[in-house]
Amino acid sequence: MASMFSTKGRYALRVMGDLATHEGWVSLGDVSKRQGISRKYLEQVVSRMHKAGYVESLRGKGGGYRLTRAPEDYTLGEILRAAEGSLAPVACLDCTNDEICPQADSCPTVTIWRDLGRVTAGFLDSRTLADIVGDVDGTGE
């Protein structure tokens, strides 16, 4: 089964979670080692987070990246939107997609996909970065 979110979205949550669990300026090299993600790919992901204003950067020795807000002030939905561009479960509902499906008005499945998109967005917008930082072992406790 294809994934609903790309590696950019999944890695964005991981890098933001990593920054949330470390004090001060954090180097991408350190994040790369801890998360097992190539530094080059992390640079692309962090660039999107920086453009969205979610992280700030400092060049030079002792520099790196850090969050601009407290972990509880970021929703998972906003992080994923910054990384992915959209939370639409199918391309025909993606508002950033220029290729609108010619059958969207008569498609029997479009309402199901639209409802799934609303449920997914509602769930992700109700959870914060603090929720995943507090659940680093994946147990939900």
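What counts as what
All residue numbers refer to position in the chain's written sequence, counted from 1. In keeping with the predicted nature of the model, local features appear solely for residues at pLDDT of at least 70, side-chain atom pairs appear and are counted solely at 80 or more, and the whole-chain, interface and lining totals rest on all residues. With hydrogens and water excluded, all non-hydrogen atoms of the structure serve as input to the side-chain values. We define a salt bridge as a side-chain nitrogen of Lys or Arg found within 4 Å of a carboxyl oxygen belonging to Asp or Glu. Strands are runs of DSSP state E lasting at least two residues, helices are runs of H or I lasting at least four, and both sets are numbered from the N terminus onward. Exposure categories follow from relative accessible area, calculated using a 1.4 Å probe and restricted to protein chains: below 20% of the type maximum is buried, above 50% is exposed, and the middle band is partly exposed. Definition of nonpolar core: a set of buried residues of the types Ala, Val, Leu, Ile, Met, Phe, Trp, Tyr and Cys, connected through side-chain atoms within 4.5 Å. We call two residues in contact whenever any of their non-hydrogen atoms come within 4.5 Å of each other. Between N-to-C directions, angles span 0 to 180 degrees; the directions come from axes that are lines fitted to C-alpha atoms, helices contributing only their stretch in contact. An angle counts as roughly parallel when it lies under 35 degrees, as roughly antiparallel when it exceeds 145, as roughly perpendicular when it falls between 65 and 115, and as oblique in every other case. What makes a crossing left-handed is the near helix being turned counterclockwise from the far one by less than a right angle; a clockwise turn instead makes it right-handed. Each pair of strands is called paired provided DSSP finds at least two bridges between the two strands.

Engineer: Now, about the pattern of salt bridges: what can you tell me, with residues and values included?
Structural biologist: Any two side chains of opposite charge can pair, given that their charged atoms come close. Applying the stated criterion across every chain, the model contains six salt bridges. A salt bridge links Glu 43 to Arg 39, with the shortest nitrogen-to-oxygen separation between them at 3.4 Å. Here Glu 43 pairs with Arg 39, and both are found in helix α3 (residues 39-51), just four residues apart, close to one helical turn. Judged by relative accessible area, which is 39%, Glu 43 ranks as partly exposed. Linking Glu 78 and Arg 69 is a salt bridge whose minimum nitrogen-to-oxygen distance equals 2.6 Å. On the accessibility criterion, Arg 69 (31% relative accessible area) is partly exposed.

Engineer: Before we move on, could you go through the nonpolar core and cite the residues and values that matter?
Structural biologist: By size, the foremost hydrophobic cluster in this structure holds 28 residues, and its most contacted members are Met 16, Met 49 and Ile 79. Contributions of two or more residues to this core are made by α1 (7-20), α2 (28-35), α3, α4 (76-84), α5 (110-126) and α6 (129-133). At six residues, the largest contribution of residues to this core is made by α1. Once residues within four sequence positions are removed from consideration, Met 49 is found in contact with Ala 12, Met 16, Tyr 54, Val 55, Ile 79, Ala 82 and Ala 83.

Engineer: Lay out the packing of α1 against α2 with the relevant residues and their values.
Structural biologist: Describing two packed helices takes the angle between their axes plus the distance from one axis to the other. Following both chains from N to C, one finds α1 and α2 inclined at 115 degrees, their axes separated by 10 Å at the closest point. In terms of orientation, α1 and α2 fall into the roughly perpendicular class. The element α1 and its partner α2 pack so that their crossing is right-handed. Across from Arg 14, Val 15, Asp 18 and Leu 19 in α1, the residues of α2 making contact are Val 31, Arg 34 and Gln 35.

Engineer: Tell me about the pairing of strand β2 (residues 64-67), and please be specific about residues and values.
Structural biologist: Alignment of strand β1 (residues 55-58) against β2, held across four bridges, turns out to be antiparallel. Pairing of Val 55 across the sheet is with Leu 67, part of β2. Taken together, β1 and the strand that follows it, β2, pair antiparallel across an intervening segment of five residues, in which Gly 60 is found at a positive phi of about 95 degrees.

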